[in-house]
Amino acid sequence: MVDVQGTVADGFEPVRDAFAENFARRGERGAAVAVYRDGHKVADLWGGVRDADGGEEPWRRGTAQIVRSATKGVAAAVLLLLHQRGQVDLDAPVGTYWPEFKAAGKERVLVRHLLSHRAGLPALDVPLTPAQAVDGVSGPAALAAQAPAWEPGTAHGYHAQTYSWLIGELVERITGRSIGRWIAQEVAGPLGLDLWLGLPESEQQAGRVGRIADIEAPAAPSSAGLRVRPKQSVTDAYRDPESLTRRAFAAISPAADENDPAYRAAQLPASAGIATADALARFYASLIGNVDGVRRLFAPATLTLARTEESAGPDRVLVVNTRFGLGYMLHGPSSPLLAPGSFGHPGRGGSLAFADPESGVSFGYVTNGMQKNVTADPRAQSLVRALSKALAP
């Protein structure tokens, strides 16, 4: 049995129970979960070990992990805040700010298409090496030259890796600052978040960031009935090296070592953010309301943009139906959140963060054990169900 640390407010005990059950039944090795309601923390839990690939160092308050695509929700806020400040037009062609991007039939790709995965650029004809992926130059250059896989704006498909260079380069062209620096100065700093896009050397040396590893989810007990299996079309897409699905996730090839200090230091807003569960929950709390005296980040109109459906239906990369607002996944069967009005983003293998404005709730979950899932991790979903139970009248 894992000794779960931390606290929950009265009424939120189901979240603690579900968190403990993840260690007992769902293969959890080390993890944390945090929940805010109306700007106040109501759950802050952690347990297990810091490193999923060995070692007995315990997970402590403030242990951070790479959160993969949960980073996308933080990065999306940058462009939406720039729009809120009048610095970017979401309906302008990307080439307005990044002239080299106009090549190869991309003249009509709009800024909103990047955020809603409608740009037609989920894969590269020539994948980048891990060194090229983090050099800050090769990724934007490759996408500037890349022809779209479909007519931009006419369909959507998850830009799993290319989102990094699309969003990162656009932010730098608009602001003159790297996206990691912008987040540090405009979001993480004012809110006091243990969240980094580009881990500083000082934090590398501090030993606060755990190591992630791929792990197998335990088999469901026979009493639980048949396990849910992915559709054959989904399985085939991930196995086929020529499919858009495989090519999208293999835009960096061979796969980068995510525990490598060079990768942790990279500013890849699709996949390389590092955060605590509290930082993610606090970030989303700040999008929908004031937090500890800090004024909310999103004006009401910006919040509406974040969670208004831009893309829905068959996803050409994930091969399931998905829903996106501007930069955020929306509640639906492929990515269940708390309620229909919730918006946020999962990370492949486990992590999840979101806000639900109607209930005033925000949620952050991070783990070091990466299981085989993309948008609906069973451990995260057990916590969301428990949170829903705690909120029930």
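Residues numbered from 1 in each chain as written. Predicted model: local features only at pLDDT ≥ 70, side-chain atom pairs only at ≥ 80, totals over all residues. Heavy atoms only, no water.

## As for the side chain of serine 334
Line of reasoning, step 1. With respect to the secondary-structure elements, serine 334 resides in the loop between strand E10 (329–330) and strand E11 (343–346).
Line of reasoning, step 2. Look past the residues within four positions of serine 334 in its chain and what remains in contact with it is Val320, Asn321, Thr322, Thr375 and Ala376. (Helix = DSSP H or I, 4+ residues; strand = E, 2+ residues; numbered from the N terminus. Contact = heavy atoms within 4.5 Å.)

## Description of the packing of aromatic side chains
Line of reasoning, step 1. In the structure shown here, the tally under the stated rule is ten aromatic pairs.
Line of reasoning, step 2. Here the aromatic rings of tyrosine 158 and phenylalanine 324 are separated by 6.2 Å at their centres, their planes lie at 15°, and the arrangement is stacked. Of this pair, tyrosine 158 sits in the loop between helix H5 (138–145) and helix H6 (163–175) while phenylalanine 324 sits in strand E9 (residues 321–324); the two residues are 166 residues apart in sequence, bridging distant segments of the chain.
Line of reasoning, step 3. Taking relative accessible area as the criterion, tyrosine 158 reaches 3% and is therefore assigned buried. (Phe/Tyr/Trp six-rings, centres within 6.5 Å; stacked < 30°, edge-to-face > 60°. Buried < 20%, exposed > 50% of the residue type's maximum accessible area, 1.4 Å probe, protein only.)

## Remarks on the pattern of salt bridges
Line of reasoning, step 1. With the rule as written, the count across this model stands at 25 salt bridges.
Line of reasoning, step 2. Across the pair aspartate 51 and arginine 50 runs a salt bridge, and its minimum N-O distance is 3.3 Å.
Line of reasoning, step 3. Arginine 208 is the partner of aspartate 194 in a salt bridge, and the nearest nitrogen-oxygen pair spans 3.0 Å. Of this pair, aspartate 194 sits in the loop between helix H7 (179–191) and strand E5 (195–196) while arginine 208 sits in the loop between helix H8 (201–206) and strand E6 (213–214); the two residues are 14 residues apart in sequence, bridging distant segments of the chain.
Line of reasoning, step 4. Assessed through its relative accessible area of 28%, aspartate 194 is described here as partly exposed.
Line of reasoning, step 5. Residue arginine 208 is classed as partly exposed on the basis of its relative accessible area of 23%.
Line of reasoning, step 6. One network of salt bridges, with partners in common, ties together Lys41, Asp44, Arg61 and Asp278. (Salt bridge = Lys/Arg side-chain N within 4 Å of Asp/Glu carboxyl O.)

## Description of the sheet that holds E5
Line of reasoning, step 1. Spatial ordering of the open sheet is given by E4-E7-E5, a layout of three strands whose pairing is antiparallel. Lying at the two open borders of the sheet, with one neighbouring strand each, are strand E4 (65–66) and E5.
Line of reasoning, step 2. Relative to strand E7 (residues 274–275), E4 runs antiparallel, the two being bridged by two bridges. Considered in E7, the bridge of glutamine 65 is made with alanine 275. (Pairing = 2+ DSSP bridges.)

## Topic: the confidence of the model for the chain
Line of reasoning, step 1. For the chain, the average pLDDT comes to 95, and 97% of its residues sit at 70 or higher.
Line of reasoning, step 2. In the model, residues 222–228 has pLDDT below 50 throughout and makes four contacts with residues more than four positions away in sequence or in other chains. (pLDDT = per-residue confidence, 0-100.)

## What about the layout of surface pockets?
Line of reasoning, step 1. Here the second largest pocket defines a volume of roughly 220 Å³.
Line of reasoning, step 2. Lining the second largest pocket are 14 residues, with Gly136, Gly168, Glu169, Glu172 and Gln267 sitting closest to its centre.
Line of reasoning, step 3. Across the lining of the second largest pocket, the residue classes break down as six nonpolar, five polar and three charged. (1 Å grid on protein atoms, 1.4 Å probe; cavity = no way out; pocket = protein on both sides within 12 Å on 5 of 7 lines; lining within 4 Å. Points joined across faces, edges and corners; volume = space filled by probe spheres on them. Nonpolar A, V, L, I, M, F, W, Y, C, P; charged D, E, K, R; others polar.)

## Section: empty space enclosed by the protein
Line of reasoning, step 1. On inspection of all chains with the given rule, the structure shows three cavities of 30 Å³ or more.
Line of reasoning, step 2. Put simply, the largest cavity is a space of about 50 Å³.
Line of reasoning, step 3. Lining the largest cavity are Val67, Ala70, Thr71, Val74, Leu195, Trp196, Leu197, Gly273, Ile274, Ala275 and Leu280.
Line of reasoning, step 4. Secondary structure elements with two or more residues in the lining of the largest cavity: helix H2 (71–84), E5 and E7.

## Things to note about the pairing of E9
Line of reasoning, step 1. Burial along E9 is one-sided: Thr322 and Phe324 are buried, and none of Asn321 and Arg323, which face the opposite way, are.
Line of reasoning, step 2. The sheet contact formed by strand E8 (residues 311–314) and E9 spans four bridges and is antiparallel. Residue pairing across strands places serine 311 opposite phenylalanine 324, the latter belonging to E9.

## Considerations on the nonpolar core
Line of reasoning, step 1. Counting residues in hydrophobic clusters, the biggest one holds 85 residues, and the most contacted among them are Phe298, Tyr328 and Phe343.
Line of reasoning, step 2. Among the nonpolar cores identified, the runner-up in size contains 26 residues, and Val15, Phe23, Phe354 and Val361 belong to it. (Core = buried A, V, L, I, M, F, W, Y, C linked by side-chain atoms within 4.5 Å.)

## Some thoughts on the packing of H2 against H6
Line of reasoning, step 1. Where H2 meets H6, the closest approach of the two axes is 11 Å, and the angle between their N-to-C directions is 30°. Classified by the interaxial angle, the pair formed by H2 and H6 is roughly parallel. You can see that H2 and H6 cross each other, and the crossing is left-handed. Every residue of H6 that contacts H2 at Lys72, Ala75, Ala76, Val78, Leu79 and Leu82 is listed here: Tyr163, Ile167, Leu170, Val171, Ile174 and Thr175.
Line of reasoning, step 2. Within the contact of H2 with H6, the residues separate by chemical class into ten nonpolar, one polar and one charged. (Axes fitted to C-alpha atoms, helices over the stretch in contact; angles between N-to-C directions. Parallel < 35°, antiparallel > 145°, perpendicular 65-115°, else oblique. Left-handed = near helix turned anticlockwise from the far one by under 90°.)

## As for helix H13 (residues 300–307)
Quick reminder: α-helices carry 3.6 residues per turn. Residues three or four places apart thus point the same way.
Line of reasoning, step 1. Taken residue by residue, H13 has Thr302, Leu303 and Ala306 as its buried positions. Considered in projection along H13, the buried side chains sweep an arc of 100° and stay on one side of the axis. H13 presents Pro300 and Ala301 as exposed residues on the side facing more than 90 degrees away from its buried surface.
Line of reasoning, step 2. Those residues of H13 that are buried are in contact with H2, helix H12 (277–288), E10 and E11. (Arc of directions from axis to C-beta.)

## Digging into the packing of H2 against H7
Line of reasoning, step 1. The interhelical angle for the contact between H2 and H7, taken along N-to-C directions, is 75°, at an axis separation of 10 Å. Relative to H7, the element H2 is oriented roughly perpendicular. Two secondary-structure elements touch here, H2 through Val74, Ala75, Val78, Leu81 and Leu82 and H7 through Ile179, Trp182, Ile183 and Val187.
Line of reasoning, step 2. Here the residues of the contact of H2 with H7 are counted per class, giving nine nonpolar, no polar and no charged.

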